[in-house]
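Take a look at the letters that make up each chain.
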Amino acid sequence: MSKKHFIESYCRVTTDTIYVNGKKVFEAQDEDALAFLKAAYQWLEPGHPKFFKMDGLSKLAFIAAESLLSLLDEKEKDVALILANRASSLETDRKHQESIQDKENYYPSPAVFVYTLPNICIGEISIKHGFYSENAFFLTENFDASFMTMYANELLTLEKAERVLCGWVDFD
């Protein structure tokens, strides 16, 4: 008989609020998304100083993950990560392109370039929590719940992970 899989917890991060399992857990009125994410980081106190070097996409994924992973046993390491969005790392790609196009101040920053891949946010979460599990970042036009469910169920059924953290992370 196959094991039943279910959603244990969920998180939604808007431009000014974090909800966990439908309950508002944090709110801050800031004029921009990055200021809100910084305030959320200070509220969560995850102790990960690399947060301040991350791009917006990685900060958003990190904050959402921290909001959920704080509910787990700290020793939990067998968590797969599956994320998706429609724009990849476009917000950071634009910044990188601007640094290349500016002929007066031409200096493409390695600190920006490192975040021109969407899977870097998975790496940041994995580093913080010591995960060595399965992970993937998909690009789709819209959130595809059936695909994410199928992929998560497959990982769980094949015992590639004990839990799966998955979601739509769109910062653009």
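Basis of the calculations
- Residues numbered from 1 in each chain as written.
- Predicted model: local features only at pLDDT ≥ 70, side-chain atom pairs only at ≥ 80, totals over all residues.
- Heavy atoms only, no water.
- Helix = DSSP H or I, 4+ residues; strand = E, 2+ residues; numbered from the N terminus.
- Contact = heavy atoms within 4.5 Å.
- Salt bridge = Lys/Arg side-chain N within 4 Å of Asp/Glu carboxyl O.
- Expected span 1.5 Å × (residues − 1).
- Buried < 20%, exposed > 50% of the residue type's maximum accessible area, 1.4 Å probe, protein only.
- Pairing = 2+ DSSP bridges.
- Axes fitted to C-alpha atoms, helices over the stretch in contact; angles between N-to-C directions.

K.L.:
Help me understand the environment of Leu165 in this model?
P.N.:
Topologically, Leu165 is positioned in strand β6 (residues 163-168). The sequence separation of Leu165 and Glu27 amounts to 138 residues, and the corresponding C-alpha distance is 23 Å. Leu165 has contacts with Ala65, Leu69, Val79, Ala80, Leu81, Ile82 and Leu83, leaving out every residue within four places of it along the chain.

K.L.:
Help me out: how do you make sense of the pattern of salt bridges in this one?
P.N.:
Per the counting criterion, the structure on display carries five salt bridges. Arg86 is the salt-bridge partner of Asp170, the closest N and O atoms lying 3.1 Å from each other. Placement of the pair is Asp170 in the segment after β6 and Arg86 in the loop between β4 (79-85) and α3 (90-101), with a sequence separation of 84 residues.

K.L.:
I'm lost on helix α1 (residues 33-44) in this one. Help?
P.N.:
Because an α-helix packs 3.6 residues into every turn, residues spaced three or four apart end up facing the same way. The end-to-end C-alpha distance of α1, which contains 12 residues, comes to 16 Å, matching closely the 16 Å that a straight helix rising 1.5 Å per residue would cover. Among the residues making up α1, those that are buried are Phe36, Leu37, Ala39, Ala40 and Tyr41. The inward-facing, buried residues of α1 contact β1 (11-13), β2 (17-20), β3 (23-27) and α2 (56-69). Glu45, located one to two residues past α1, shows a positive phi value of around 50°.

K.L.:
Hey, could you run me through the sheet that holds β1 in this one?
P.N.:
Strand-to-strand pairing in sheets goes through backbone hydrogen bonds, with the strands running parallel or antiparallel. In space, the three strands of this open sheet follow the order β1-β2-β3, with antiparallel pairing throughout. Two strands bound the open sheet, and with one partner strand each, they are β1 and β3. Mean inter-strand twist for the sheet, computed between neighbouring axes without regard to direction, equals 20°. Its contacts with the sheet put α1 on β1, β2 and β3, and the angle it makes with β3 is roughly 105°. Set on the sheet, α2 makes contact with β1 and β2; between it and β1 the angle comes to about 145°.

K.L.:
Looking at this structure, I do not really get unusual backbone geometry. What am I missing?
P.N.:
The phi torsion of most residues other than glycine is negative, and most of the peptide bonds are trans. Positioned with a positive phi, Asn21 is a non-glycine residue whose angle comes to about 55°. Here Asn21 shows up in the loop between β2 and β3. For Asn21, a relative accessible area of 35% gives the class partly exposed. At Glu159, a residue that is not glycine, the phi angle is positive and equals roughly 55°. Relative to the helices and strands, Glu159 is located in the loop between α6 (145-157) and β6. What makes Glu159 exposed here is its relative accessible area of 70%.

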